[in-house]
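# Descriptive analysis of the structure
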Amino acid sequence: MFQGFNNSTIKYFEAIKKENSKSIFLENNVHYLEGIKYPLEELYYELYSYFSRLDSDLLSSKRRCISSAYNDARFCNGKPMKEYFYIRFKLNRADKKNEVGFFFDASLDGYKFGLNIYHMNAGGMEKIRQYMLCNKRNITKTIKEFNATNLLEVYGEKYVKSNYPNENKVLQEWLEKKNLSYIHEEPLNQMFYDREILNTILWAFDSVKNVYMMLKEALA
């Protein structure tokens, strides 16, 4: 059962931040196991149970959902070890574009969770806009319900010039964005070390589940 993260989580990341090397990783392997690997696996199983009820299309193996300790050697810039970790449950597409998914990320800088569209391109956002325009009433209702929960913030760069000035303001707010994501961020606080963080994550995921279904259908 997931009970939050712990002091070993911090000790491992502090060691890696001070000297990012495989030798430091090996020296701090106990901290990695106790502070990252084992808690992440426990969190994975809790989230797997949640997503099995929400949408079985999101279910994937631990290997695909949980970040490894190592950076990709091609892009690591001399830093072989990750200085953050994540869990992602996403809809895997053959072309790897516009993959909708739920996530939890953490590092020494803090933690965040929510709903994202990975490798999003202009074509994907255009599909979402057209879907919204074809289902204005239902999507407006979905957005209002999401806004009322106030658990996740909508992120995404907006166009300087309005392209949909005649649409209602609720719909317009999302139509005018170049991309979309729904995120809550926190510094490393007491909740990070407690099971309560799981409940908070699940409440946030519940608040955006209808948005997820909309995005899934729009990008199908």
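The structure we're discussing is the one just above.
I will try to describe carefully the structure that is included in this document. (Residues numbered from 1 in each chain as written. Predicted model: local features only at pLDDT ≥ 70, side-chain atom pairs only at ≥ 80, totals over all residues. Heavy atoms only, no water.)

### So, the side chain of serine 207
For serine 207, the location among the structural elements is in helix 8 (residues 196-207). Within the local environment of serine 207, its side chain forms a polar contact with the backbone oxygen of alanine 204, the two atoms lying 2.6 Å apart. (Helix = DSSP H or I, 4+ residues; strand = E, 2+ residues; numbered from the N terminus. Polar contact = N/O pair within 3.5 Å; in protein donor to acceptor, adjacent residues only side chain to side chain.)

### Points about the nonpolar core
Across soluble globular proteins, you tend to see nonpolar side chains buried next to one another. Membership of the largest hydrophobic core comes to 64 residues, with the highest contact counts inside it found for Leu47, Phe104, Ile128 and Tyr182. With nine residues, helix 3 (residues 29-54) is the single largest residue contributor to this core. Look past the residues within four positions of isoleucine 128 in its chain and what remains in contact with it is Ile117, Met120, Leu180, Met214, Leu215, Ala218 and Leu219. (Core = buried A, V, L, I, M, F, W, Y, C linked by side-chain atoms within 4.5 Å. Buried < 20%, exposed > 50% of the residue type's maximum accessible area, 1.4 Å probe, protein only. Contact = heavy atoms within 4.5 Å.)

### Examining the packing of aromatic side chains
Summed over the entire model, instances satisfying the criterion amount to 29 aromatic pairs. Summarising the aromatic geometry, the rings of phenylalanine 51 and phenylalanine 205 are spaced 5.7 Å apart at their centres and angled 35 degrees between planes, so their arrangement reads as tilted. Of this pair, phenylalanine 51 sits in helix 3 while phenylalanine 205 is found in helix 8, placing the two residues 154 residues apart along the sequence. Geometrically, the ring pair formed by tyrosine 111 and phenylalanine 113 is stacked, given 6.4 Å between the ring centres and 15 degrees between the ring planes. The same class applies to tyrosine 111 and to phenylalanine 113, which are both buried. If you follow arginine 88 out to its NZ or CZ, it ends over the ring of tyrosine 86, 3.8 Å from the centre. When the ring centre of tyrosine 118 is taken as origin, the NZ or CZ atom of lysine 90, which lies over that ring, is 5.0 Å away. (Phe/Tyr/Trp six-rings, centres within 6.5 Å; stacked < 30°, edge-to-face > 60°. Lys NZ or Arg CZ within 6 Å of the ring centre and 35° of its normal.)

### Some words on helix 6 (residues 136-149)
Taking 1.5 Å per residue, 14 residues should reach 20 Å; helix 6 reaches 20 Å between its end C-alpha atoms and fits that length. Residues Ile139, Thr140, Thr142, Ile143 and Phe146 constitute the buried set of helix 6. Along the long axis of helix 6, the arc covered by the buried residues comes to 160 degrees, so they all point the same way. Exposed residues pointing more than 90 degrees away from the buried face of helix 6 are listed as Arg137, Asn138, Lys144 and Ala148. Along its buried surface, helix 6 packs onto helix 5 (122-134), strand 4 (153-155), helix 7 (169-175), strand 5 (181-186), helix 8 and helix 9 (209-218). Once helix 6 ends, the next one or two residues include asparagine 150, with phi positive near 55 degrees. (Expected span 1.5 Å × (residues − 1). Arc of directions from axis to C-beta.)

### Some details on the pattern of salt bridges
A complete count under the given rule lists 14 salt bridges for this structure. A salt bridge links aspartate 57 to lysine 216, with the shortest nitrogen-to-oxygen separation between them at 2.7 Å. Of this pair, aspartate 57 sits in the loop between helix 3 and helix 4 (62-65) while lysine 216 is found in helix 9, placing the two residues 159 residues apart along the sequence. Of the residues examined, lysine 216 reaches a relative accessible area of 23% and is grouped as partly exposed. A salt bridge links lysine 136 to glutamate 167, with the nearest nitrogen and oxygen atoms 3.2 Å apart. A residue pair is termed long-range when its members are at least 10 positions apart, and lysine 136 in helix 6 and glutamate 167 in the loop between strand 4 and helix 7 qualify at 31 residues. Taken together, the shared-partner salt bridges connect Lys37, Glu41 and Lys62 into one network. (Salt bridge = Lys/Arg side-chain N within 4 Å of Asp/Glu carboxyl O.)

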